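Residue-level structure breakdown
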Amino acid sequence: MSEVVYEETATMIAAGELQSFVPFGREHCRNHPNAFNLQLRELQPASELWSSDGAAGLVGSLQEVSLQEREREHWQLRKGSTGFKEDDVEFEEELYAAGNVVVWSKGSRTQASSVYKAFTVDSPVQQVLWCNFAVPHSTDEEDFEHTVCIVQSSCVNVHSVTGKDFLSPLPFQVSNAWATQFGLLLERKSTANDTQLGSPGEALPTLFSMLHPLDEIAPVVCRSGGLIQGSCVQYACDSTMKVLFTSSQPSMVVSYDPMQGTHSVWALRKVTHDERSTVLRYPTEPGGTLLGLMASGFLTSHLRNTSRLDSPGGCGAAGGPGTGSSFAVGSPLHYSILHSHQSRIVTSSPGIHSRVHSPNISNMAALSRAHSPGMAAPSFTGAARFSQSFNSPNSRGHHGCLPSPNSTLNESMLVPEMEPIIPNLCMEQLWSETVTAGCHREMSSQASKVFITSDLCENHYLCFLVESHQQLRCVKFIESNDSSQLIFPFVTAIPAKDAEPLESINAMLVLEACGSLVLYTGITRVSKVFVPGLLSPSFSLSSQTPHLSTPLENVSTPANSSHRHIQRLEEDNMPSPLSDGRGPNIKHHEASFLEDYIFQKATPNIQTLRDPVFNRVTLELSSGSMLRISIPEIATSDLVRNCLQVIRFILPKEVAMKVLVKWYNIYNAPGGPSAHAEWNQFVTCFMALMGYNTERLSWTQHLHFEVPLSPVIAAKKARPSDGGSDEDWDYLMASHYHQQMTSQSACGAAETSGAKNSISTDTDSLSPASSPSSQSFKLDSSALLFPHIPALFYVLHLLYQELQLDELHRARAASLVCLLQQLARDLQMDEYLDLYWRDYPSLISCFTESCVIDQALIGQMQHPSSMSSEPPCIFSWLSNCLRGVKNPPFPYLPGICQRTRLLVLSYALYVNGDENATSTDVSKYIVKASAGLKFCTSEPHIKRQNNVKVRVSSEGLAEQLVVWLTSEGFTLKDLESVPFGVALPIREAIYRCREKPRSDWSEEVCLLIGRQDLTKQAHNMTLAKTKPSVGSGLSLEPPATTEADEEEDGMSDIIQEVTGLIWSQDLRVQEVRRLLQSSRPVRVSVVQLPEVSDHEYIEEKENKLLQLCQRTMALPVGRGLFTLFSYHPVPTEPLPVPKLNLTGRAPPRNTMVDLNSGNIDVPPNMTSWPSFHNGVAAGLKIAPASQVESAWIAYNKPKTPELANEYAGFLMALGLNGHLTKLATLNIHDYLTKGHEMTSIGLLLGVSSARLGTMDMSITRLLSIHIPALLPPTSTELDVPHNVQVAAVIGIGLVYQGTGHRHNAEVLLSEIGRPPGPEMEYCTDRESYSLAAGLALGMVCLGHGSNLIGMTDLNVPEQLYQYMVGGHRRAQVGANRERHKSPSYQIKEGDTINVDVTCPGATLALAMIYLKTNNRSIADWLKPPDTWFLLDFIKPEFLLLRTLARCIIMWDEILPNTEWVKSNIPQIIRENVDPSEDINMDAMTQAQDYITAGACMALGLRFAGSANSDAFDCLHEFAKTFMKIMAFAGTAPVGATSYYNLQTGLSMILLAMSMIMAGTGDLKVLQLCRFLHKRTGGEMNYGFHMAHHMALGLLFLGGGRYTLSTSNSAIAALLCALYPHFPAHSTDNRYHLQALRHLAVLAAEPRLLVPVDVDSLKPCYVLLEVTYKDSKWYKETTVELMAPTLLPELHLLKRVKVKGPRYWELSVDLSKETQHLKSILSRDGVLYVKLRAGQLPYKDDPQGWKSLLATAINHLNSGVRAFKPEAISTFTSEPVLISFAEFFCKTSEGMKHKEDTQLLFSAMLYECVTKECPEMLPTYIAIEQAVTAMRHSDVQQTFPLWQLRLVIEFWDSRMLRSPGNCHDTLLTSEFLPVMKNAVDVALDSWLKENSVVVRSYMRGQVPSREAQSLMLACFLIYRSIPFLKSSHTQLEGCTSFGDLVSHGSQLGIPLRDLLRLVPILLDSPIGSHSLLGFPLQAFSS
């Protein structure tokens, strides 16, 4: 028996970190002020309260309460996730519920727990769980809402992490809720009433799903694989079935059926369409066989309150959706039904319109409240109401259409029609337990715990713990190949009292019946777990009842193999899977109960396990206390972990499992090793498993004492290495085996080995430094891993190659090489051995021992298929790649050798130039080292086909490489750890991309190429995508006003930093603010003449003030444009609106002048429209990106009615900037019902602008109410104010803009000529209504031209022409015929069209319909007449409109010169007039002026926002001409009319100029505006001021950030806003509604590009290069602009580029897509730029003369000399470089002797900084260090030479390929050639002295001295000489130089390196004579 005990202890591991565990929530709840605690506090004194330690803190009298309380507490733990991928912090989250409180806390081992969220709910918490709800996106991926669900008896509270709270009422009592992949799964509590439903087929569903808290709860469909008939689909309605477990990955449900006593596994998935229809259809089987599938009608009545009542029995055909057949049941499930109604009303989901039947609500609600599960059923009448709808078919099977005869209900009851609830999820049965008949009852026991675990080899098991049998059943499951299905092969039973999975170590902890803890991985027993501090029961008992100590003995299974198992375990120390029992009946030994009994007395033993997280688990002891333990990991060292991964990859699963378990036990034995010894322990264990006797091998023997190459321990003296004694050796030499071996190898019959190396007869060749004492042992061929040695060796070799590619892991490679060299030596793979010797010459020379493997056995070993005799070496592969030599594909291990794969493919792509290397041609370059093994046969290596493609431009490849690397997750951090030689090509690709990046790269790519400017830009773009309302990219604060008393003028939000850059030379922005401010009193200076009395003087002052006020009132229109979108409001404060100040101050005493004194007549309502404009101006400041909510809009509502007009304007402005879409419909309704005219106008125009061109139906309804013509003819006449009608008509135009909507077009067409009504309606201001209808019609058909689909019968153009020129009125058609029967009684128009009313609207409508169509026939209609007679008939104003209309139709003919403008004036006017004719000269000049103004206006529209200088000069000429005439007219007695005409013309020309220069702030226009601002005489009315200040606003649109667009929509908006008839006074809306002036905003678009320095985050100047596309007016041209600047319209551009040399270049290609640039412009136009090193910004150095490089450009060398390291800070802001300069490049006292090194460092630094590649500095230093070491011949390792060789080969390949463009490579200067030369010299001088060494190496000997062997290895690597042992004969035999060259090229030795070997190889008789006429000296230099 003692042996067995030993076995137990042998595999025992120690658990670490024992801590006592108390749920954190319990502590927190004790102090939580919930109702329960408050009750207690009243009952007991405070001192007692704190001392108590019950769950809720109770003592004494409250003992029983605390018990209940503790019953109710529950908690669960899970592993915490921070949500970031790279954060893999281990911490735990706890969800604790007690009473009404839920506490969610987080904590880790390093920091204490803290409460994350705590919730208190109204009723006791039944259950609480974490659940992720999927929120589907517009694109296909889903987002997950991470939530906590708190289940109470009547509802579920769902709280999401993002702060959303939902409350979902429950229609039934829930017994359990489960979190699944899709959402919540709810299990209905089965009530007593369920059983009263007659036949069992009519059960209610028991499982329901809730996919989102807002969705309705739907039943789950279940698809069971029945035995008799295929599979049946039905609702999950088996009331006895219990769900035990759900898992989301894989998505499954485990349930238990107590009737059968079996567990089943179901896959949970979305329901398919067929299943849905099957379940919703009525069951058609005769008889009630399958009626588990209950009729949907019943279900819905149960879950949803339905309302539409139909006739009884309207069932239709049998089997249709059954609504008619009734349900004869005395008492249906009233409780749950009634309950459901209450909830349905609350949560009708928005998607499905649930119809609520109101009469039922109240008594239903009452019933459901009154009813609790315990009470008696309510009276029958309540239930009867629903029982009619229970639709269960009769058992007789005919579904009659009439209610069945046995219906006990009143026939007159109406049957509600059902709307079924559509199921979402389906459970599909995958597996269920098989039960043998005999043990049916005995077996059936519900599992108390179910979990999923996986073993070390990644097999997955579903385990359920059946407590009554004390056994854990493990079902293995495998995903099928398409991973759509799970396959369950077999079940295994493990005796267990409790178990928990430990996912982070792929194991589970099992508590056995005897109380001991055992660790299993999958079903393989690993070992017992020893918990320090707890007495292990099996030890203390082993003396009394010894047979209890091995629980396995008690297992009797049908297979009954347990005894054999136990013996195996003892012999082998090798665990094995438990036997797989078919129907495991485990009969416990009676003693086990006895044992439990003994133990409860003795020590607290472990009762249960709970809460596993990572590798930690809680033990609950019998004493009630809890302990948390952690089970140790399988390995802590990365190297061991990698090796284990590799082993797992290559070995068969069962073998791998044994190895891993063996290792786990050894590693974690109690009192296990320290961390550094882990590797040694692993090597020992591993070699022992392969059959080595590690005690005999000298180097493994010492592993316990010394770690190879570990700096800490290397100092200890190693033991002498002759551990073995001589006798051993003699014994071996004399052995029979030895003699056999030597004779065999002499015969040369050893060709079997996989490496194809023959073993030479002399032992020397096997181990060159062998001496008689070098020993050799035989391997134990029965060892577990013996057959797998070659495979393991090969994968470990690949791991070694992987480690070589990581600077941080290279030290570990040295440890690994010791193991590898031993295996290579024993497998007799000399080429591998040579490779290791070259990598670590000094290390490998120490090892000499080899162990013997029987040759016959080598042949039988399994060799991996990709294994070749030539060892795969990653560096030589890359080197061949650089030299253009063909390579076989490189083997790699998927998942382990990631870096190998990455670099091999990168080289293939970038160096070989194979574009498909990363996509289709992967297999050409890498091959997976498969686990498929083959027996060793030598197969010829297939040569790859030559596939060098024509080189793609290296830029394209560089881009492709960088993008691919990023997609593989490669970052700069990774690049730093790649060895410098290998990394060089990647660095070069990065450098190239940095020079010419693409603008649309993702943030990660920009990070990789090191462009912070682009990274920041990309970051902001991704932010903008996720949060649409992110504010400006510039976090520039508007300047704080210094004087507190300065009144708010509404213009302080213009960003000064940007305007200061745009207009840096002057203060024009301040001047504009001065001109546009309307919040301070104006200065009224009137000189009092002697004869004027005081009273008259006061009147005079007030009259003067009235004139000035005309100007003040017009200012807000301009101010709105000036401050457009410049402010982000604070959501908690109302919007500041500047006052409109209409008072004045009179000098000299500054006395107040007021209009309200009553001295003069002031027009009534004078300020109503100006204050509306003031409100618009204030509202337009709000930027579209701000966060504006409906509540905030209402919050701004003024308290006083005086401000209502301002608020109306504010609403319109919110519409113009798009925020009105957020205003709730209810609020809109509210505002409109007030009947305030201005509010209605503002609101209608605002809402329509916000929904521009959307044809939004709700807005259309809103507008139609206000337009009589759109209402049905019989509707009541609504008294809508005229201006509101005008606004509504324009609104229709805006909402339907460009849609060509026929009905609206027809109505608007007739509305243009709407006649006045009989009762004086429609008589005032008819012009503005007609104009509005025309503009709206134009907008609806905007730009459609003659392609108006479906409108040909309306004859739109002809009708408009008639409106324009007059003629007979057509008969009214359609709906409005009735309206206009009787003519007006006041206005006698007759039946002709009143052209004065209809002409403007019709003209503009024509213009907009045919906008830009260049339709000449329509344009000719609009030509001014060419006879004097006809000219007299047309108002000059209409001539302006016609000219404008004609020009914008002939859009492409507009030319920016005076000739074109004059060409619009009819010939007859231009010719000299014959004085004899009687011509009205006045009319002629008027016509000429107006036509000129119209043409100028068209010119302005054509070039709007373009700042076209020709167009501007042309207009400026005309403006000057008009000014001259006006100056002249002022003196001549011409009269007011001609002055008015000239002023109108001038205003239009001024507006046209400001349209062209919009946003540019041009000085000439500003001067003109200022000049006109000063003129406030009587003839300058309100309208002219408005025009001039609008021009000023457009000129500085949005503070210079916006300009105008020339899209069709923008032109339409400008035509509305700049209609050339301005109001005569502030209440004038006769010809044009004033509110429309603000529509100009719709034409504004952001086009200001503001470069921001990414380091300082300040705006700066940058030179841009803008390329225009080809067009028919000009060829592709490029202009240079200094940003910040307004860009031209984007559709004209091909490319925008930031030009060097001061900033990094950046190009945005617009020919591909403009979206990127648009999003930059819309977000304040911030374009991040980065200053290049050594450059100063343009602000500090406009000419570029101060730049540090300017001095150094001419003489590069002197530049390096002149470069002072102190000046580094001006070059770069990187702290690394600055400190490098500080410490390495400054001369200090101690550094005098190393001046040359310092110079070298300075030169390197200079090079890196000026070439902008600071990341190359480490490479430079590494090269320099390697070379210095070579020079002084103190080389420590050969690794740097490999890197140096790769660098030089890369440089050569670049030079050879393109000698011309060497300037864009990274290492350009003289540095590399110098270094290369130094290495050559050092190696050559060594070669001269030691040629013997080289020669002896070629003959197959390794040098004895360490220094020699190091230098030799360096020489061989650097000169790329292959392993020559097998081929030295070829070179040795060469007699001539020619032979040598041909052989050398076959071996792949480069020519220049071959030349170095010539003197050695040809050291034959020729000797020192000339070789083929060459003196030998030529080669040896």
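Note on numbering: residues in each chain are counted from 1, in written sequence order. The predicted nature of this model means local features are confined to residues of pLDDT at least 70 and side-chain atom pairs, given and counted, to a pLDDT of 80 or more, with totals for whole chains, interfaces and linings taken over all residues. Remark: hydrogens and water are excluded; side-chain values derive from all non-hydrogen atoms of the structure.

1. Digging into the overall build of the protein
A tally of regular secondary structure across the protein gives 74 helices and 50 strands. Accessible area is worked out with a 1.4 Å probe on protein chains only. A residue is then buried under 20% of its type maximum, exposed over 50%, and partly exposed in between. When each of the 1981 residues of the protein is scored for burial, the buried share is 55%. Only DSSP runs of H or I covering at least 4 residues are called helices, and only runs of E covering at least 2 are called strands; the numbering of each starts at the N terminus.

2. Comments concerning the sheet that holds strand 13 (residues 207-210)
The sheet built from 4 strands is open, its strands ordered 11-12-13-14 with antiparallel pairing. At either end of the open sheet lies a strand with only one pairing partner, and these are strand 11 (174-179) and strand 14 (218-219). One bridge is not enough; two strands pair if DSSP finds at least two bridges between them. Two elements, strand 13 and strand 14, share 2 bridges in a ladder whose sense is antiparallel. Each residue of the ladder has a partner; that of Ser209, found in strand 14, is Ala218.

3. Focus on the sheet that holds strand 45 (residues 1662-1668)
The 4 strands lie next to each other as 46-45-48-49, forming an open sheet whose pairing is antiparallel. With one partner strand each, in any of the chains shown, strand 46 (1678-1683) and strand 49 (1706-1709) form the two edges of the open sheet. With strand direction ignored, the average angle separating the axes of adjacent strands in the sheet is 20°. As defined by bridge partners, strand 48 (residues 1693-1698) adjoins strand 49 across 4 bridges and the pair is classed as antiparallel. Residue Val1696 lies in a different strand from strand 49, and its bridge partner there is Val1708. Interaxial angles span 0 to 180 degrees and are taken between N-to-C directions of axes, which are lines fitted to C-alpha atoms, for helices over the stretch in contact.

4. Brief notes about the environment of Gly895
Checked against the element boundaries, Gly895 lands in the loop between strand 36 (890-892) and helix 28 (898-910). Considering only alpha carbons, one finds Gly895 and Phe649, 246 residues apart in sequence, at a separation of 9.5 Å.

5. Description of the packing of aromatic side chains
Pairing of aromatic side chains requires ring centres within 6.5 Å, counting the rings of Phe and Tyr and the six-membered ring of Trp. Pairs whose planes differ by under 30 degrees are stacked, by over 60 edge-to-face, and all others tilted. The final tally for this structure, using the stated rule, is 34 aromatic pairs. When the centroid spacing of 5.8 Å and the interplanar angle of 25° are considered together, the rings of Trp431 and Phe488 count as stacked. Taken together, the residues span a long stretch of sequence, with Trp431 in strand 22 (residues 425-432) and Phe488 in the loop between strand 26 (486-487) and strand 27 (491-495) at a distance of 57 residues. The pair Trp431 / Phe488 is uniform in exposure class, with both members buried. The interplanar angle of 75° and the centroid separation of 4.9 Å between the aromatic rings of Tyr1820 and Phe1871 together place this pair among those described as edge-to-face. Placement of Tyr1820 in helix 66 (residues 1817-1831) and of Phe1871 in helix 68 (residues 1871-1889) is noted, with a sequence separation of 51 residues between them.

6. Some thoughts on the pairing of strand 29 (residues 507-511)
The buried count for strand 29 comes to 5 of 5 residues, which makes it a mostly enclosed element. Here strand 29 shows two buried faces, one formed by Ala507, Leu509 and Leu511 and the other by Met508 and Val510. Two strands pair when backbone bridges link them, and strand 28 (residues 498-502) and strand 29 are joined in this way by 5 bridges, in the antiparallel orientation. Directly across from Pro501, in strand 29, lies its bridge partner Met508.

7. A short note on the state of the cysteines
Here, two cysteine sulfur atoms that lie within 2.5 Å of each other are counted as a disulfide. Inspection of the entire model under this criterion finds 0 disulfides. Free cysteine Cys149: the closest other cysteine sulfur is in Cys131, separated by 4.7 Å. Judged by its relative accessible area of 0%, Cys149 falls in the buried class.

8. Considering the packing of helix 46 (residues 1326-1340) against helix 48 (residues 1395-1409)
It is at 7 Å that the axes of helix 46 and helix 48 come closest, and there the two elements cross at 15°. Accordingly, the angle class assigned to the pair helix 46 and helix 48 is roughly parallel. Handedness of the helix 46/helix 48 crossing: right-handed. Across from Arg1326, Glu1327, Ser1330, Leu1331, Gly1334, Leu1335, Leu1337, Gly1338 and Met1339 in helix 46, the residues of helix 48 making contact are Asp1396, Val1397, Thr1398, Pro1400, Gly1401, Leu1404, Ala1405, Met1408 and Ile1409. Residue composition of the contact of helix 46 with helix 48, grouped by class: 10 nonpolar, 5 polar and 3 charged. What sets the label is the angle itself: under 35 degrees gives roughly parallel, over 145 gives roughly antiparallel, 65 to 115 gives roughly perpendicular, and the rest give oblique. By convention, the crossing between two helices is left-handed when the near helix turns anticlockwise from the far helix through less than a right angle, and right-handed when the turn is clockwise. Residue contacts are counted whenever heavy atoms from the two residues lie within 4.5 Å of one another. Polarity classes work like this: nonpolar for Ala, Val, Leu, Ile, Met, Phe, Trp, Tyr, Cys and Pro, charged for Asp, Glu, Lys and Arg, and polar for all others, with Gly in that last group.

9. Some words on helix 42 (residues 1237-1250)
In this model, helix 42 (14 residues) spans 20 Å end to end at C-alpha, consistent with the 20 Å of a helix rising 1.5 Å per residue. Every buried residue belonging to helix 42 is among Met1238, Thr1239, Ser1240, Ile1241, Gly1242, Leu1243, Leu1244, Leu1245, Gly1246, Val1247, Ser1248 and Ser1249, and all of these are buried. Tucked inside the fold, the buried residues of helix 42 contact helix 38 (1168-1180), helix 40 (1204-1216), helix 41 (1225-1233), helix 43 (1257-1264) and helix 44 (1282-1295). In this analysis, the expected span of each helix is defined as 1.5 Å times one less than the number of residues it contains.

10. Observations concerning unusual backbone geometry
Glycine aside, the phi torsion of most residues is negative, and most peptide linkages are trans. A cis amide bond links Gln249 to the next residue, Pro250, at an omega of -5°. Turning to its location among the elements, Pro250 is positioned in the loop between strand 17 (242-248) and strand 18 (251-257). In this structure, Pro1148 follows Pro1147 across a cis peptide bond, with omega equal to 0°. Residues other than glycine seldom take positive phi values, yet Phe614 does so here, at roughly 55°. Tracing the chain through its elements places Phe614 in the loop between strand 32 (606-613) and strand 33 (616-621). Look at Leu1657: it is not a glycine, yet its phi comes out positive at around 55°.

11. So, the pattern of salt bridges
A carboxyl oxygen of Asp or Glu within 4 Å of a side-chain nitrogen of Lys or Arg is what we treat as a salt bridge. Per the counting criterion, the structure on display carries 46 salt bridges. Its salt-bridge partner being Glu1815, residue Arg994 comes within 2.7 Å of it at the nearest N-O pair. In this pair, Arg994 is assigned in helix 32 (residues 980-995) and Glu1815 in the loop between helix 65 (1795-1810) and helix 66, connecting sequence segments 821 residues apart. Here Lys1672 and Asp1452 are joined by a salt bridge, their closest N and O atoms 3.1 Å apart. With Lys1672 in the loop between strand 45 and strand 46 and Asp1452 in the loop between helix 51 (1436-1449) and helix 52 (1458-1463), the pair connects residues that are 220 residues apart, well separated along the chain. What makes Asp1452 partly exposed here is its relative accessible area of 24%. One connected set of salt bridges, linked through shared partners, spans Arg223, Arg269, Glu275 and Glu428.

12. Re the side chain of Ser247
Relative to the helices and strands, Ser247 is located in strand 17. Nitrogen and oxygen atoms within 3.5 Å of one another constitute a polar contact, given that in protein one can donate a hydrogen and the other can accept it, and given that sequence-neighbouring residues count only through two side-chain atoms. Looking at Ser247, its side chain comes within polar contact range of the main-chain oxygen of Pro250, at 2.5 Å. Setting aside anything within four residues of it in sequence, one finds Ser247 in contact with Met252 and Ile452.

13. Here we look at the environment of Ser1064
Its location among the elements puts Ser1064 in the loop between helix 35 (1056-1062) and helix 36 (1068-1076). Of the polar contacts made by the side chain of Ser1064, one reaches the side chain of Gln1065; its length is 3.1 Å. Within polar-contact distance, the side chain of Ser1064 engages the side chain of Tyr1661 at 3.3 Å.

14. Considerations on the packing of helix 22 (residues 789-804) against helix 23 (residues 810-826)
At a minimum axis separation of 9 Å, helix 22 and helix 23 run at an interaxial angle of 155°. As far as their axial angle goes, helix 23 and helix 22 are roughly antiparallel. Two packed elements cross with a definite hand, and for helix 22 against helix 23 that hand is left-handed. Together, Ile789, Phe793, Leu796, His797, Leu799, Tyr800, Leu803 and Gln804 of helix 22 and Arg810, Arg812, Ala813, Leu816, Val817, Leu819, Leu820, Leu823 and Ala824 of helix 23 make up the contact between the two elements. Counted by class, the contact of helix 22 with helix 23 contains 13 nonpolar, 2 polar and 2 charged residues.

15. Quick look at the confidence of the model for the protein
Predicted coordinates in areas of low pLDDT are best not read in detail. Here pLDDT means the predictor's own confidence in every residue, given as a number from 0 to 100. Here the protein averages 76 in pLDDT, and 72% of its residues register 70 or above. Note that pLDDT drops below 50 for residues 933-952; the model gives that stretch 47 contacts with residues more than four away or on any other chain. Residue range residues 1035-1046 is modelled with pLDDT below 50. Its contacts to residues more than four positions away, or to other chains, number 13 contacts.

16. Side note on helix 38
Compared with the 18 Å implied by 1.5 Å per residue over 13 residues, the 19 Å span of helix 38 between its first and last C-alpha is a close match. Within helix 38, 13 of the 13 residues are buried, which leaves the element mostly enclosed by the surrounding structure.

17. Notes on the nonpolar core
Side-chain atoms within 4.5 Å are what join buried Ala, Val, Leu, Ile, Met, Phe, Trp, Tyr and Cys residues into a set we call a nonpolar core. One finds Leu509, Leu517, Leu519, Ile631, Phe793 and Leu816 to be the most contacted residues of the largest nonpolar core, which totals 234 residues. Element by element, the count of residues in this core is highest for helix 22, at 11 residues. Other than its neighbours up to four places away in sequence, Leu816 contacts Cys643, Trp679, Leu796, Leu799, Tyr800 and Leu803. Of all hydrophobic cores here, the second largest spans 208 residues; its members include Trp1428, Ile1491, Ala1587 and Leu1618.

18. Re the environment of Pro23
Mapped onto the secondary structure, Pro23 falls in the loop between strand 2 (16-20) and helix 2 (24-30). Residue classification places Pro23 among the buried residues on the basis of a relative accessible area of 0%. Sequence separation between Pro23 and Gln76 is 53 residues; the distance between their C-alpha atoms is 9.0 Å. Ignoring sequence-local partners within four residues, the contact set of Pro23 consists of Trp75, Glu94, Tyr96 and Met626.

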